[in-house]
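# Secondary and tertiary structure notes
Residues per chain are reported as follows:
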Amino acid sequence: NVDIKKVNSDQRRKAKAINFGIIYGISQYGLAKQINVSNHEAEEFLNAYFLKFPEIKIYMDNTIKFCRKSGYVNNIFGRRSHFNAINDKNYNVRNFQERAAINAPIQGSASEIMRLAMIRLNEKLSETKYKDCKILLQIHDELIFETPKKDVDKICKLIRQEMSSVSESEFHSFSTPLTVDVNVGDNWGVLINFVCLPNLEQLGIFKGDLEKKNFSFKDDWWKLTQRFRKGLEKERFKVSTYNCGEG
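What counts, and at which threshold
Residues numbered from 1 in each chain as written. Predicted model: local features only at pLDDT ≥ 70, side-chain atom pairs only at ≥ 80, totals over all residues. Heavy atoms only, no water. Disulfide = S-S within 2.5 Å. Buried < 20%, exposed > 50% of the residue type's maximum accessible area, 1.4 Å probe, protein only. Axes fitted to C-alpha atoms, helices over the stretch in contact; angles between N-to-C directions. Helix = DSSP H or I, 4+ residues; strand = E, 2+ residues; numbered from the N terminus. Parallel < 35°, antiparallel > 145°, perpendicular 65-115°, else oblique. Left-handed = near helix turned anticlockwise from the far one by under 90°. Contact = heavy atoms within 4.5 Å. Nonpolar A, V, L, I, M, F, W, Y, C, P; charged D, E, K, R; others polar. Core = buried A, V, L, I, M, F, W, Y, C linked by side-chain atoms within 4.5 Å.

## As for the state of the cysteines
- Under the criterion given, the structure shown has zero disulfides.
- Summary of cysteine pairing: C133 is not part of a disulfide, and the nearest cysteine sulfur, belonging to C156, is at 9.0 Å.
- Owing to a relative accessible area of 5%, C133 belongs among the buried residues under this scheme.
- Taking relative accessible area as the criterion, C156 reaches 15% and is therefore assigned buried.

See the structure below:
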């Protein structure tokens, strides 16, 4: 039980690994490897998690039960994902379908939320004088925009307002607010002020190098990707990112 203001990056990383891992049906062995703890510690994490949040276990069991009977699951907007092999005699096939059925309403709903945000932002930008601002890319829970520098402050405010507003629509209403991080840079690769520095230090790149611009993302990107493949956590260059239920 740690105050949210005192949660460090390592604790947040482990919490995210546990959250996402449980939804994907991770085992104690898989979790232990992912967050670098013993199997016993991982098992204690999982047991404590379900003890603290019994509703999640209920959701998982009820979702599988519903899918076994109906052959599909719904996200919060009513969109269906079909899992025709959830009653398969083969354990591996059945187990994979169960885990996918549990995850689909969550991932599917998150995808719909991002689509709603993009629609609202596009409409808002078309209605305003900021027609030079363009949505370039969607990367998971992030959106990349391009806008003239003179409009940056006002565009940031508009983006934050519109993306946060997706917590409500005619189809849903969240009790947990959607918070949005908005960061600015000349391009996606040079948003170095928002990179997780402890992870970069694992790569042998230090804050002083970043400040002195001794490190070139363009020249050394290949080296970074090679190190990522060895198991280091990927860095996130945040532009506009949803945080559903901060903490």
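## Topic: the packing of helix α1 (residues 9-23) against helix α2 (residues 28-35)
- Put simply, α1 and α2 touch, their axes get as near as 10 Å, and they point 155° apart. Considering the angle they form, α1 stands roughly antiparallel to α2. For the crossing formed where α1 meets α2, the hand is right-handed. Across from R13, K14, A17 and I18 in α1, the residues of α2 making contact are L31, Q34 and I35.
- Within the contact of α1 with α2, the residues separate by chemical class into four nonpolar, one polar and two charged.

## Some thoughts on unusual backbone geometry
- Positioned with a positive phi, N36 is a non-glycine residue whose angle comes to about 60°.
- Following the sequence through the fold, N36 ends up in the loop between α2 and α3 (39-52).

## Here's the deal with the nonpolar core
- With 19 residues, the main nonpolar core has L121, L125, L143, F145, I155, I159 and M163 as its most contacted residues.
- Mapped onto this core, the elements with two or more residues apiece are α5 (91-127), β4 (142-146), α6 (152-164) and β5 (178-182).
- Within the second largest apolar cluster, 14 residues are counted, among which are L31, A32, A42 and Y49.

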